[in-house]
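In case you want the letters, here they are:
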Amino acid sequence: MKWFLLTTLLLPFIAQADCSNQIEVDGNLYCVELSWLSAQSKSRGEFLDLDEPSPQLVAMREVPQWWRYSVAAIKLWSVEDKDEERVHLEGFRVFPYMHMQGGHHHGAAHSFEFDEDSELYLFSGVAFREMPGCWSLRWTAFEADDEEQSEQLFVVDSYANLSAAENERVVELCESVVND
Ligand SMILES: [Cu+2]
């Protein structure tokens, strides 16, 4: 099991590192690279890997047995470190967040942990449920998952289980919510 987890976690990071996403913690800049992994289903409280990539949008009236849970690995390293050694930042967290039309905001159940073996953060157990709004990932080093004490990391606007046309509508929805 451990071997399998390690292999799946490490694979996405063999490609050239991407430092287009940066965060600042205590005056230090870090690169944040996110790789979506296989989506999961949930059966009797247990998550099972599927042959489908994340992120998955869960259709509006989908019954919970068929929900797809999205999973991502997140790599953190110092901007100044040419070796890109993986960093474990105390208190760093990523959480799902939704901006709805009309100004309402809310989060979603999820799990976020640092895997000591791969030295990657694992973000999992989130069902991005379809609704009139836009899902994003925000990061914080504070206790609460609120908007004031966090910053946006990624907008989730390209789902693996949607067609190009459907994803285009998601992008439009996300842009309209931001300008609401
Ligand atoms: Cu919502």
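Our subject is the structure listed above.
Reference entry: report on the structure contained in this document. (Residues numbered from 1 in each chain as written. Predicted model: local features only at pLDDT ≥ 70, side-chain atom pairs only at ≥ 80, totals over all residues.)

Some words on the overall build of the protein
Put simply, the rule reads: Secondary structure elements are defined from DSSP: runs of H or I of at least 4 residues count as helices, runs of E of at least 2 residues count as strands, and each element is numbered from the N terminus. The atom set for the radius of gyration is the C-alpha atoms, and the globule formula is 2.2 Å times the number of residues raised to the power 0.38. Exposed residues have 12 or fewer other C-beta atoms within 10 Å of their own C-beta, buried residues have 20 or more, and residues in between are partly exposed; the C-beta atoms are placed from the backbone. Remark: residues whose backbone-derived C-beta atoms lie within 7 Å of one another are considered to be in contact.
Per the secondary structure count, the protein includes two helices and 13 strands. Compactness check: the protein gives a C-alpha radius of gyration of 16 Å against a globular reference of 16 Å for 180 residues, within 12% of the reference. On the principal axes, the C-alpha backbone points of the protein span a range of 45 × 40 × 30 Å. Put simply, the protein has 180 residues, and 21% of those count as buried. Partitioning the contacts of the protein with sequence separation of at least 6, the portion at a separation of at least 24 is 55%.

Topic: the sheet that holds strand S2 (residues 28-36)
Quick reminder of the rule: For two strands to be treated as a pair, DSSP must find no fewer than two bridges joining them. To obtain each axis, a line is fitted to C-alpha atoms, and for helices this fit is confined to the stretch in contact; angles are then taken between N-to-C directions over 0 to 180 degrees.
The five strands lie next to each other as S1-S2-S6-S10-S9, forming an open sheet whose pairing is antiparallel. This sheet does not close on itself; its edge strands, each paired only once, are strand S1 (22-25) and strand S9 (111-115). Direction aside, the axes of adjacent strands within the sheet are offset by 30 degrees on average. Across seven bridges, S2 lies against strand S6 (residues 70-78) in antiparallel orientation. Residue Leu-34 lies in a different strand from S6, and its bridge partner there is Ile-74.

Observations concerning the environment of Ser-163
With respect to the helices, strands and loops of the structure, Ser-163 is situated in the loop between strand S13 (151-156) and helix H2 (164-178). Since 9 C-beta atoms lie within 10 Å of it, Ser-163 is described here as exposed.

Describing the sheet that holds strand S8 (residues 105-106)
Strand order in the open sheet formed by four strands is S8-S7-S12-S13, with antiparallel pairing between adjacent strands. At either margin of the open sheet sits one strand with a lone partner, and together these are S8 and S13. The pairing of strand S12 (residues 133-140) with S13 spans five bridges and is antiparallel. Looking at the pairing, Leu-137 lines up with Phe-154 of S13. Contacts from H2 reach strand S7 (93-100), S12 and S13, with the element oriented near 70 degrees to S12.

Re the nonpolar core
Applied cut-off: Any set of buried Ala, Val, Leu, Ile, Met, Phe, Trp, Tyr and Cys residues joined through C-beta atoms within 7 Å is what this text calls a nonpolar core.
Counting 26 residues, the largest nonpolar core has Ile-74, Val-94, Tyr-121 and Phe-128 as its most contacted members. Taken together, the elements giving at least two residues each to this core come down to S2, strand S5 (57-58), S6, S7, strand S10 (120-126) and S12. It is S6 that provides the largest number of residues to this core, a total of five residues. Sequence-distant contacts of Val-94, defined by excluding residues within four places in its chain, comprise Ile-74, Phe-112, Tyr-121, Phe-123, Leu-137, Trp-139 and Leu-153.

Focus: unusual backbone geometry
The peptide bond linking Ser-54 to Pro-55 adopts the cis configuration, its omega dihedral lying at -5 degrees. Following the sequence through the fold, Pro-55 ends up in the loop between strand S4 (46-53) and S5. Notably, Asp-26 is not glycine yet its phi reads approximately 50 degrees, a positive angle. A positive phi angle, near 55 degrees, is found at Glu-84, a position not held by glycine.

Comments concerning the environment of Leu-76
In this fold, Leu-76 is placed in strand S6. A C-alpha to C-alpha distance of 27 Å links Leu-76 and His-105, two positions 29 residues apart in sequence. In this view, Leu-76 contacts Tyr-30, Val-32, Arg-86, Val-87, Leu-89, Phe-92 and Tyr-121; residues no more than four positions away in its chain are not counted.

Observations concerning the pairing of S4
A regular strand places its side chains so that they alternate between the two faces of the sheet. Of the pairings in the sheet, the one linking strand S3 (residues 38-43) to S4 comprises five bridges and is antiparallel in character. Directly across from Ser-43, in S4, lies its bridge partner Glu-46. Where S3 folds back onto S4 in an antiparallel hairpin, the turn is made up of two residues, including Arg-44, whose phi is positive at roughly 50 degrees.

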